[in-house]
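As a plain string of letters, each chain reads:
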Amino acid sequence: MRKVIGIGETVLDIIFKDNQPVSAVPGGSAFNATISLGRCGINTTFISEAGNDRIGERVIAFLRDNGVNADHVAVFPESKSPISLAFLDKDNNADYLFYKDHPHDQLEFDFPEINKDDIVLFGSFFAVNPVVRPQMAGFLEYAREHGAIIYYDVNYRSSHKNDIMKITPNLLDNLDYADIVRGSKEDFAVLYKMDDPDKVYNSEISFYCKKFICTRGAEPLVVHDQDGFRKEYAVPPMRTVSTIGAGDNFNAGFIYGMIKYGITREDIEGGMSEKKWDQVVACGLEFSAECCKDITNSVSPAFGKAKRL
């Protein structure tokens, strides 16, 4: 059975509507995606660190309760769990404040077993953070050597716009490791001061990685592949309760589609057909839409149960 290995931060998302807290759920970009995949019965492992506190205990229990292997989540003495405050606006889009005890970034873990055609998901500031870069780079090298398909979600927030010069070498390294790069127009506006997906692909991405997905909220998303393939996909209209986790769950659905439709390293290296792009993007959009129906960060358990392969 193919496996998915996610690596990234864990946080507690406290969600506000009309300046009042309405929910508190474990989160993190790769974390949210792995929860959705675990709920779908995919063999999923998550690598991270959690605080040595009640929130950290809840995060680890939440992973296991949703079918995700949490054996590679490290807990260090004196460490505190990060917290994110997410303020929903009238359109249910979120503005964030992050509270994190950065000196406790350590990331010590044993590498899980990785086999050819397993899928590794990584991204966000965690993926470029200089403090844990040696561990992150070592893991990506290990994954590549063992034939994994590496999916990179850029997910670069404006709160880190002053760190761009510092993290650029790590960003370029990540693009080079990646087999598939996904980012939002907001990510690229922060990083490159441009949000046109074609310009971003041609000037910043294609030299390193040929497979590129740019999501643009309610606007059609754009994909690029080798040999000049380009296609736009309309995003179905929907009523959203919260857009928190929408991109994370697009990632989950896309990866789910890769497993469902048997997309392998050979497909990645040879160029995916339009039909296969259609199939996996449809899964990504379906998972993303499902996530937006509630104030949670992942697809519902009922949806996951219905999608078990």
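What counts, and at which threshold
- Residues numbered from 1 in each chain as written.
- Predicted model: local features only at pLDDT ≥ 70, side-chain atom pairs only at ≥ 80, totals over all residues.
- Heavy atoms only, no water.
- Phe/Tyr/Trp six-rings, centres within 6.5 Å; stacked < 30°, edge-to-face > 60°.
- Helix = DSSP H or I, 4+ residues; strand = E, 2+ residues; numbered from the N terminus.
- Pairing = 2+ DSSP bridges.
- Axes fitted to C-alpha atoms, helices over the stretch in contact; angles between N-to-C directions.
- Polar contact = N/O pair within 3.5 Å; in protein donor to acceptor, adjacent residues only side chain to side chain.
- Contact = heavy atoms within 4.5 Å.

A.B. asks: Can you lay out the packing of aromatic side chains for me, pointing to particular residues and giving the numbers?
C.D. replies: Describing an aromatic ring pair means giving the distance of the ring centres and the angle of the ring planes. Throughout the structure, instances matching the rule amount to 21 aromatic pairs. For the pair Phe-111 and Tyr-142, a centre-to-centre distance of 4.5 Å together with 35 degrees between the ring planes defines the contact as tilted. Pair noted here: Phe-111 is in the loop between strand 7 (94-99) and strand 8 (119-123) and Tyr-142 is in helix 3 (residues 133-145), with a separation of 31 residues, a long-range link. When the ring of Tyr-256 is compared with that of Phe-287, the centres are 5.1 Å apart and the planes differ by 40 degrees; the resulting orientation is tilted. In this pair, Tyr-256 sits in helix 7 (residues 246-260) while Phe-287 sits in helix 9 (residues 274-291), placing the two residues 31 residues apart along the sequence.

A.B. asks: Could you give an account of the sheet that holds strand 2 (residues 11-17), naming the residues involved and the relevant values?
C.D. replies: In space, the 4 strands of this open sheet follow the order 3-2-6-7, with mixed pairing throughout. Among the strands making up the open sheet, the edge pair consists of strand 3 (20-27) and strand 7. The mean angle between the axes of side-by-side strands here comes to 20 degrees, regardless of whether they run parallel or antiparallel. Pairing of strand 2 with strand 3, which is carried by 7 bridges, proceeds in the antiparallel orientation. Across the sheet, the residue bridging to Asp-13 is Val-25, located in strand 3.

A.B. asks: Go over the side chain of Arg-216, please, and point to the residues and values.
C.D. replies: Mapped onto the secondary structure, Arg-216 falls in strand 11 (residues 211-216). Of note is the side chain of Arg-216, whose polar atom sits 2.7 Å from the backbone oxygen of Pro-220. The residues touching Arg-216, leaving out its near neighbours within four places in the chain, are Lys-185, Pro-197, Val-222 and Glu-232.

A.B. asks: With reference to specific residues and values, describe the environment of Gly-123.
C.D. replies: With respect to the element layout, Gly-123 can be found in strand 8. Here Gly-123 is in contact with Ile-7, Glu-9, Tyr-152 and Asp-153, once residues within four sequence places are set aside.

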